[in-house]
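Below are the chains, spelled out letter by letter.
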Amino acid sequence: MNKLGIRLKKKGSPYGVKVPENKLTAEKPIEQPPLPEKVIIPLHQNIGAPCEAVVKRGDKVLTGQKIGDSEKYVNAPVHATVSGEITGTATVVNPPTSQLIPALVITSDGKDEWVELEPPQEPERLSVKEILDRIRAAGLVGLGGAAFPTHVKLSPPKGKRIDTVILNGCECEPYITSDYRVMMEYGEKMLSGLSIVRKVLSPERVYIAIEDNKEDAIDHIEYLITAMGRKGDFKIIPLKSKYPMGAEKILTKLILNREVPIGGLPLDVGVVVHNVSTAKAIHDAVVEGKPFVERVVTVTGAVKHPKNLLVRFGTPIGSLIDYCGGIEGNANEVILGGPMMGFSQFDLDFPTVKGTNAVLVKEGRAIREQDCISCSKCIEVCPMSLMPTTLAKYAKAGMYDDCEQFYIADCFECGACAYACPANIPIVQYIKVAKKELAKRAAKK
Amino acid sequence: MTQARQFLVSPGPHLWKGLSVSKIMYLVVIALMFPTGAAIYFFGYHALSVIGMSVGVAVATEYVCKKIRGQAFIMDGSTIVTGLLLGLILPPTISLWMVVIGAIFSIAIVKEAFGGLGHNIFNPALGGRAFMSISFTAEMTTWIKPMGFGTDAVTTATPLGESFVWSADKLSLYQAMFLGNTAGSMGETSALLILIGGGLLLGLRIINWRIPAIYIGTVALMSLAFWQDPLFHILAGGLMIGAFFMATDYVTSPLTNRGKIIFAVGVGALTVTIRQLAGMPEGVCYSILFMNAITPLIDRYTKIKPYGLVKKAESVS
């Protein structure tokens, strides 16, 4: 395994940036905070269609009861995450899109009474369709960040053959340790979930990609695979720690030397990438029949006691910060997700959602933008071989067609460019604005 | 409850490497201390006053320009770099009032009139020098033997000059040129100290190795093509300081690696062509200025092939 690691390290990406890892919570076991008194469940927690509420104010709900669903295929239903009563509605701002999303408020009765779960099943006895139905019913979405409904990702369109599945345990964002803890504490469940993915997609190869800063996880998963006698099925690929190693497109390039077409998905080149936490959730949904109501969230940075918490969705981030001892010092920025791709949040009542892998508290950084000096550092680090400074200049000037000429659609907004930029230009922000304008134009046509 | 706090909402990424423009510029200033030291060692007090005057006037001009333009004046170090570079590429006998005019031209016209740092088309120090060469032809081509702090100046020719004669063996000529004990602009004579400063910037990854390496390599090959001694041409004139400190100027050199290679080959070919075929002994300054001018054009035609481009074309066909 080590020999392989060295070989791949040499193959490692020349792009990207080395960021300070700050994994403060790596050795903190997953803890369960007390149940929240009230949860706020946004009705749109996946990248597809929003859900409609299927309950109304005053209804009594049980933990795991479906409260929102949609007819649309690309959608995942949402469930009550505590038992209690629907006491109102709310509107939350979805940080990545700034859209306003309706939400249901559930006041907990403190009993945490669950709905009757689907009977536990051996995945071998289930058909592929039954497995996908269970995953959809559980409301599963990809936990790596994009929140793409999992059953859709597991149903490649006809004619697209998936020959490789990559389980993504890179966790290249600084600070976050939720995936690492899942690998260390729920390794068996994760591998069970991966077996289910293997059964559904029947790929030729299944790889588990882990960055070499998580030696423990590599050893632990290797041990579990051996103990389960699955050495022939799963292969661990240790990768050099570098941001953004954990991006799907980077993994397909590095492990298989396949480039996903601009604007495409890994499945266009026969690859499906799943996050380790998603695999664990697939196990819970399929084998245990449990709806998706909680996940591991790293609460870290300038809080008194940084922790990895098993959090029910809808829990306000403020109560998680309180549970970790509150904000320390002069920290004045609360970020949902990691420091590279996460979003600043202004409201501590904002709920944790399915896509939230971390709550990071830190001292905010005033951005003093200077003019570009054409140092080309952004070009050197861009993992997609784009010219970020050129994109930012065109975006700033409102020349969006020129942004397209420079392949703006290829950018997945990792932020390596802005991290390296000496002139402090918020390059990613300019690119996001240009993408939105281009999307608006495309919608008009 | 951790309420009642003003939270900052800023765009991501929320981390920054911290290598700012001014840090880069001050690192260049530190690297330039090596050739500056050589200039003062070989050409004495007057070198010190020329360089000091150049830096001082450059900073003052920048301050005035920023006030006139209604912008904030930031000591980001780039003006100090320009002032130092201009001082270093002047002849050791230059009059101080000419230095004042050159420095004002460098900053006010070549840099600020185009929009300031990041917007200038030409390297400000080279632009200032070109202006001085045209305005003060005699003074800009008067060279003296390195005399340190002591004796009187003795005029002589630079190694590239037509009347240059070296009576001793070739090895001692190379040695003198490498250490800097020859006539020339104050900061360009010592290849050794330029290499130390340039090596520092290369080691810190402030400058890209492609421009100096390919520039010097092209000069060597082109000299051979003209049946000249390549080592002599590498060590002579302003090539070393030009390759490490002028051609590598971020703002006025291309963005992409391919562009940088084209740029460096162009500068190298032009330098030797001017040295051999034009009516001037030295061509570093004009070669770099010429390539500065076509840098936007190079940038336009050296787009990088992004991730996932070829595959798309295949899947469409």
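This one's a predicted model, so the numbers in the text were calculated from it and none came from an experiment. (Residues numbered from 1 in each chain as written. Chains lettered and ligands numbered in written order. Predicted model: local features only at pLDDT ≥ 70, side-chain atom pairs only at ≥ 80, totals over all residues.)

(A) The arrangement of the sheet that holds strand S17 (residues 358-362) of chain A in detail. Residue and element names in this part refer to chain A. Reading across from one edge, S1-S14-S13-S17-S15-S16 is the order of the six strands in this open sheet, with mixed pairing throughout. With partners counted over all chains shown, the strands left at the sheet margins are strand S1 (30-31) and strand S16 (343-345), one partner each. Here S1 runs beside strand S14 (residues 307-312); their pairing, made up of two bridges, is parallel. In the strand pairing of S14, glutamate 31 is matched with leucine 309. Against the sheet, helix H4 (residues 178-185) makes contact with S1, strand S13 (294-301), S14 and S17, and its axis sits at roughly 125 degrees relative to S13, the strand it touches most. (Pairing = 2+ DSSP bridges. Helix = DSSP H or I, 4+ residues; strand = E, 2+ residues; numbered from the N terminus. Contact = placed C-beta atoms within 7 Å. Axes fitted to C-alpha atoms, helices over the stretch in contact; angles between N-to-C directions.)

(B) Main features of the interface of chain B and chain A. Taken together, the 36 residues of chain B in the interface contact 56 residues of chain A. When contributions to the side of chain B that touches chain A are tallied by element, the ones reaching two or more residues are helix H1 (21-69) and helix H12 (309-316) of chain B. Examining the composition of the side of chain B that touches chain A, we find that four residues originate from one element, H12(B), more than from any other. Looking at side-chain class alone, the side of chain B that touches chain A contains 19 nonpolar, twelve polar and five charged residues. (Nonpolar A, V, L, I, M, F, W, Y, C, P; charged D, E, K, R; others polar.)

(C) View of unusual backbone geometry. With an omega of 0 degrees, the peptide bond running from A:Tyr243 to A:Pro244 counts as cis. By the element assignment, A:Pro244 lies in the loop between strand S11 (234-239) and helix H7 (248-256). Cis geometry marks the peptide bond from B:Gly12 to B:Pro13, where omega comes out at -5 degrees. When you line up the elements, B:Pro13 lands in the segment before H1. Of note in the backbone geometry, A:Asn424 takes a positive phi value of approximately 60 degrees without being a glycine. Mapped onto the elements of the fold, A:Asn424 is located in the loop between helix H13 (416-420) and helix H14 (427-444). Judged by the 17 C-beta atoms lying within 10 Å of it, A:Asn424 is partly exposed. (Buried ≥ 20, exposed ≤ 12 C-beta atoms within 10 Å, placed from the backbone.)

(D) Spotlight on the pairing of strand S5 (residues 66-69) of chain A. All names here are of chain A. Two elements, strand S3 (residues 52-53) and S5, share two bridges in a ladder whose sense is antiparallel. The residue of S5 that forms the bridge with glutamate 52 is aspartate 69. Note that S5 and strand S6 (residues 78-79) share two bridges and pair antiparallel. Each bridged residue has a counterpart across the sheet, and for glycine 68 the counterpart in S6 is valine 78.

(E) Region of the structure containing the environment of A:Gly48. Residue and element names in this part refer to chain A. Inspection of the secondary structure assignment puts glycine 48 in the loop between strand S2 (38-42) and S3. Given 17 C-beta atoms within 10 Å, glycine 48 falls into the partly exposed group. Considering only alpha carbons, one finds glycine 48 and aspartate 268, 220 residues apart in sequence, at a separation of 19 Å. Once you skip the residues sitting within four places of it in the chain, glycine 48 turns out to touch Lys72, Val74, Asn75 and Pro149.

(F) Structural view of the packing of helix H6 (residues 191-203) of chain B against helix H9 (residues 239-246) of chain B. All names here are of chain B. At their nearest, the axes of H6 and H9 sit 9 Å apart, and the two run at 10 degrees to each other. Considering their axes alone, H6 and H9 lie roughly parallel with respect to each other. Mapping the contact onto sequence places Ala191, Ile194, Gly197 and Gly198 in H6 and Met240, Ile241, Phe244 and Phe245 in H9. Tallied by class, residues from the contact of H6 with H9 come to six nonpolar, two polar and no charged. (Parallel < 35°, antiparallel > 145°, perpendicular 65-115°, else oblique.)

(G) Geometry of the sheet that holds strand S12 (residues 271-275) of chain A. Residues and elements named next belong to chain A. Spatially, four strands are ordered S11-S10-S9-S12 in an open sheet, and the strand pairing comes out parallel. Both outer strands of the open sheet, S11 and S12, are each paired with one neighbouring strand and no more. Pairs of neighbouring strands in the sheet enclose a mean axial angle of 25 degrees, with direction left out of account. Here strand S9 (residues 164-169) runs beside strand S10 (residues 205-211); their pairing, made up of six bridges, is parallel. Residue pairing for S10: threonine 164 is matched across the bridge by arginine 205. Its contacts with the sheet put helix H6 (residues 215-227) on S9, S10 and S11, and the angle it makes with S11 is roughly 170 degrees.

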